[in-house]
Number of protein chains: 2
Amino acid sequence: MIINRSQILRTPGPTPIPESIQHAMSQPMIGHRGSAFSDLYKDVTRRLQPVFGTKQEVFVLTGSGTSALETAVVNSTQPGDEVAVIVTGAFGARFADICEAFDLVVHRLDIEWGKACDPEVLRQFISSKSELKAVFMTHCETSTGVLNPIAQLADVIHEASDALVVVDTVSSAAGVPVEMDRNSLDIVVSGSQKAFMLPPGLAFIAVSERAWKVIKANDTKAFYLNLAAYQKNHEKGMTPYTPAVSIIFGLQQALTLLESEGLDNVYQRHDLLKKMTRAAIQGLGLTLLTSDEDASPTVTAIKATNTFDSEGLRKTASQSFNLVFAGGQGKLKGKLFRIGHMGACTPAELLQTLTLLELSLYKMGYSIVPGTAAQKAEEVLIHDL
Amino acid sequence: MIINRSQILRTPGPTPIPESIQHAMSQPMIGHRGSAFSDLYKDVTRRLQPVFGTKQEVFVLTGSGTSALETAVVNSTQPGDEVAVIVTGAFGARFADICEAFDLVVHRLDIEWGKACDPEVLRQFISSKSELKAVFMTHCETSTGVLNPIAQLADVIHEASDALVVVDTVSSAAGVPVEMDRNSLDIVVSGSQKAFMLPPGLAFIAVSERAWKVIKANDTKAFYLNLAAYQKNHEKGMTPYTPAVSIIFGLQQALTLLESEGLDNVYQRHDLLKKMTRAAIQGLGLTLLTSDEDASPTVTAIKATNTFDSEGLRKTASQSFNLVFAGGQGKLKGKLFRIGHMGACTPAELLQTLTLLELSLYKMGYSIVPGTAAQKAEEVLIHDL
């Protein structure tokens, strides 16, 4: 029997694409050197600014989230530079790997996966490192569902050094407030396939004036990811190389959806989704990886235990209910599963997801009380009705 | 805050259109006098036969469900003919209205709305009426959610007279088994916008050999709805007048979905949806219109009471959750609301609908226990997992 026909994609990226965005992406192709494209590009880059809390230009590159991380690294540093990387999970580790690949002197601040970086721990860590050129950090660590306190971490860095503050907001921007200017973040990067409700393929990069001075003084060997080339073309409403035009059509509609909902409402919705998820998970007797304080509004990780098989849960949810969760990454592989609740995810959709999660547990033979997931999630939701 | 973004259409027609059907309907237009169309028409009409349980030709007309009812009436009768109409709700009444409009002598068997017609009551009713040319009845009475026992009713008619048995299966076919040949039904009509998962616009009509003899002996004044014209064109894979080509493209895909799920599984799913709905409604303390025995697998009616405002519920569900239910029709207007659970409706979707119904009651100020609807529906569902 078909219990659920269309796949429910609850991974922390890619995320479901709203129909109006699909339609926008189906517009006839246009050339990327004509005025139709430059009008489009100017429109979306201007409208991206509030999402990153910045008056700086936001560049749109065609590439994955990793391309955005690499862009930040190669433009802000030169081989031999000392940098610090806060590693709270697989994507912090990726920042470190990229830094090492480009021959930087990398100081890794490893935090236990599942916990946020405490600003005092960072303060201690960088106190003896006066030569740091940049500190790389992850806002939402997708692999663990942790949201790092970037405002406080940035304060600590600025107090201690002249290092640039570089922040990966791939799985936070458009789901969680990002306040680049207010928090004095120097480079903020993100990607299209998470809370922006778009397919993978676009990277977003905003650069502070302070960072531009460093970038321009550097002699970066990057070509495709060279930010100066993007800046040079930006005023004309162009990109230096051929962009993913149809995803940019989609971005225009995604911004319309975000604006019509209102960014504050978008953030409030994600916060609610987090609370609903956590309440249901606890009601079902499963174990959350992160504390309430460290939890991200966009993704929730649930631990495997001696009595809970997280990989089996993913398999059952997929096979029986066409419901897709993510597994663990890096050293957490096989040790947890993750529910993405960002972008095109409403409380109504989450209620369904959590109920099907409960039924997956039943199907696996775990003891559940029917209705528990809905009850716990509804108890959270009704406060906001 | 956006609790639910896309409208959830839970009326008993129109019903949601699956994406693959939307895509099929977006194919480039073709001429209706070419071989591409005749291949399409031959394909869909052949594949409709199992849905109606018949080896007879199934004609596809472009029109609403009412056009299908009128086609049955005008072709099977002549002015002055005596007919009986079993009226169990608004659509039985419509059959009677059409019969009266065409100057038939109409014997109405009025059954209390919300109850099915008992075959013994029909036996009594027609025992003194030996001149009946046809008896019209409704399989699923959409206005009340009653499923009439057409097999037994047909038996009663055939035992008592030579009257044609004409059945409206608009809201049953493709959701409930229709056994035209096995039950000796003479004319079976249906429409596209219910369990067929299509937009409104197509009418389906199957005719027994016995009925053809009557139709051909009649001198019907019908032109657009003249079945002989459809039969004449049928062999060529054509319709006499311009058909709704894109909906027929959709029909082809709808049949593929029904076949790939398997008709028996489709019927089992609808039966499950009925039981889940009824369990949740009772768990929420609301009042079902029909008995378990009379209830249709495709639509459920819930009564307004002194303590339950069904129109308020519809308004709240629509405004707060973008969830659309139907109200009452005819003399039940304002006295109930109806949940359509047919066609593109899965148990997973229904769980969400019932949970949002529960939250609508909360929003209206009724006392509810969060999770009750999900609990009751899940308790039914898990038997089939």
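Residues numbered from 1 in each chain as written. Chains lettered and ligands numbered in written order. Predicted model: local features only at pLDDT ≥ 70, side-chain atom pairs only at ≥ 80, totals over all residues. Heavy atoms only, no water.

**Some remarks on the sheet that holds strand E4 (residues 105–110) of chain A**
The strands that make up a sheet pair up through hydrogen bonds in the backbone, lying either parallel or antiparallel. All names here are of chain A. Selection criterion: Whether two strands pair comes down to DSSP finding at least two bridges between them. Starting at the N terminus, helices and strands are each numbered in turn, a helix being any DSSP run of H or I of at least four residues and a strand any DSSP run of E of at least two. Every axis in this analysis is a line fitted to C-alpha atoms, fitted for helices over the stretch in contact. Angles between the N-to-C directions lie between 0 and 180 degrees.
Read from one edge of the open sheet, 7 strands run E2-E10-E9-E8-E5-E3-E4, paired in mixed fashion. The open sheet terminates on both sides in strands that have one partner only, identified here as strand E2 (58–62) and E4. Between one strand and the next, the sheet's axes are offset by a mean angle of 20°, whatever the strand orientation. Bridge analysis of strand E5 (residues 132–138) against strand E8 (residues 164–168) gives 5 bridges, and the strand direction is parallel.

**Quick look at the pattern of salt bridges**
Side-chain pairing between opposite charges can occur once the charged atoms of the two side chains come close. We apply this condition: Each salt bridge in this description consists of a side-chain nitrogen of Lys or Arg and a carboxyl oxygen of Asp or Glu lying within 4 Å of one another. Burial classes follow relative accessibility: with a 1.4 Å probe on protein chains only, a residue under 20% of its type's maximum area counts as buried, one over 50% as exposed, and anything between as partly exposed.
Evaluation of the coordinates by the stated rule reveals 36 salt bridges over all chains. Arg10 of chain B is the salt-bridge partner of Glu349 of chain B, the closest N and O atoms lying 3.7 Å from each other. In this pair, Glu349 of chain B sits in helix H12 (residues 347–364) while Arg10 of chain B sits in the loop between strand E1 (8–9) and helix H1 (19–25), placing the two residues 339 residues apart along the sequence. Residue class for Glu349 of chain B comes out partly exposed when judged on its relative accessible area of 29%. Exposure remark for Arg10 of chain B: the relative accessible area of 3% places this residue in the buried category. A salt bridge links Lys275 of chain B to Asp271 of chain B, with the shortest nitrogen-to-oxygen separation between them at 2.9 Å. Note that Lys275 of chain B and Asp271 of chain B are positioned in helix H10 (residues 263–283) at a spacing of 4 residues, about one turn of the helix. One salt-bridge network, held together by shared partners, links Asp43, Arg46, Arg47 and Glu259 of chain A.

**Some words on the UniProt feature "modified residue: N6-(pyridoxal phosphate)lysine" (unreviewed entry) in chain A**
Residue and element names in this part refer to chain A. Formally: UniProt positions are given in the numbering used here, feature names are shortened, and annotations may be inferred rather than shown by experiment. By definition in these notes, contact holds between two residues if any of their heavy atoms fall within 4.5 Å.
Mapped onto this numbering, the UniProt entry annotates "modified residue: N6-(pyridoxal phosphate)lysine" (unreviewed entry) at Lys194. The exposure class of Lys194 is buried, given its relative accessible area of 6%. The residues touching Lys194, leaving out its near neighbours within four places in the chain, are Pro12, Gly13, Thr15, Thr142, Val170, Ser171, Met342 and Gly343.

**So, the packing of helix H2 (residues 35–52) of chain A against helix H9 (residues 245–261) of chain A**
Residues and elements named next belong to chain A. The condition is simple: Each angle receives one of four descriptions, namely roughly parallel if under 35 degrees, roughly antiparallel if over 145, roughly perpendicular if within 65 to 115, and oblique otherwise. Less than a right angle of anticlockwise turn of the near helix away from the far helix marks a crossing as left-handed, whereas a clockwise turn marks it as right-handed.
Where H2 meets H9, the closest approach of the two axes is 10 Å, and the angle between their N-to-C directions is 40°. Taken together, the axes of H2 and H9 are oblique relative to one another. At the point where H2 passes H9, the crossing takes the left-handed sense. Of the residues in H9, those touching H2 at Phe37, Leu40, Asp43, Val44, Arg47, Leu48 and Val51 are Val245, Ile248, Phe249, Leu251, Gln252, Leu255, Thr256 and Glu259.

**A look at the sheet that holds strand E12 (residues 299–303) of chain A**
Residues and elements named next belong to chain A. Strand order across the open sheet formed by 4 strands is E11-E12-E15-E14, with antiparallel pairing between neighbours. Looking at strand neighbours, the two that pair on one side only are strand E11 (287–288) and strand E14 (326–327), the edges of this open sheet. In this structure, E14 lies alongside strand E15 (residues 336–340), joined through 2 bridges in antiparallel fashion. What sits directly across from Ala326, in E15, is Arg338. Against the sheet, helix H11 (residues 310–321) contacts E14 and E15, and its axis sits at roughly 45° relative to E15.

**Some words on the relation of the copies chain A and chain B**
The cut-off we apply is this: Least-squares fitting of one copy onto the other uses the C-alpha atoms of those residues that reach a pLDDT of at least 70 in both copies.
Relative to chain B, chain A is turned by 180° and slid 0.0 Å along the rotation axis, the superposed coordinates differing by an RMSD of 0.0 Å. Taken together, the rotation angle and the small translation identify this as a two-fold axis. Residue by residue, 100% of the interface of chain A is reproduced at the interface of chain B, so both copies engage with the same surface.

**Overview of the UniProt feature "binding site: substrate" (unreviewed entry) in chain A**
Residues and elements named next belong to chain A. According to UniProt, the positions carrying the feature "binding site: substrate" (unreviewed entry) are Arg338. Note that Arg338 resides in strand E15. Given a relative accessible area of 5%, Arg338 falls into the buried group. Arg338 has contacts with Arg10, Pro12, Thr142, Ser143, Val299, Thr300, Ala301, Phe325, Ala326, Gly327 and Gln329, leaving out every residue within four places of it along the chain.

**Details of the state of the cysteines**
Here is the rule we go by: Working definition: a disulfide is two cysteine sulfur atoms within 2.5 Å of each other.
Applying the stated criterion across every chain yields a total of 0 disulfides over all chains. Here Cys345 of chain A is not disulfide-linked; the sulfur of Cys140 of chain A is the nearest cysteine sulfur, at 14 Å. Of all cysteine sulfurs, the one in Cys117 of chain B lies closest to Cys99 of chain B, which takes part in no disulfide; the gap is 16 Å. Exposure remark for Cys99 of chain B: the relative accessible area of 0% places this residue in the buried category.

**Structural notes on the interface of chain A and chain B**
For the record, the criterion: Values labelled buried area give the accessible surface lost by two parts on being combined, using a 1.4 Å probe and summing over both. Under this definition, polar contacts are N or O atom pairs within 3.5 Å; protein pairs additionally need one hydrogen-donor-capable and one acceptor-capable atom, and for neighbouring residues in sequence, both atoms have to be side-chain atoms. Each residue receives one of three labels: charged for Asp, Glu, Lys and Arg, nonpolar for Ala, Val, Leu, Ile, Met, Phe, Trp, Tyr, Cys and Pro, and polar for the others, Gly being one of them.
Taken residue by residue, the interface counts 34 residues in chain A and 34 residues in chain B. Carbon and sulfur atoms make up 70% of the surface buried where chain A meets chain B, a total of about 3,300 Å² over both sides. The three residues of chain A that bury the most area against chain B are Met1, Arg5 and Leu385 of chain A, which together make up 21% of that side's buried surface. The interface formed by chain A and chain B holds 2 salt bridges in total. With a closest N to O distance of 3.5 Å, Arg5 of chain A and Glu261 of chain B form a salt bridge. Inspection of the region where chain A meets chain B yields 8 residue pairs in polar contact (both at pLDDT 80 or more). Looking at the side of chain A that touches chain B, the elements that each hand over two or more residues are H9, helix H10 (263–283), helix H12 (347–363) and helix H13 (372–381) of chain A. In terms of residue count, H12 of chain A provides more of the side of chain A that touches chain B than any other element does, 11 residues in total. Class assignment for the residues of the side of chain A that touches chain B results in 18 nonpolar, 7 polar and 9 charged.

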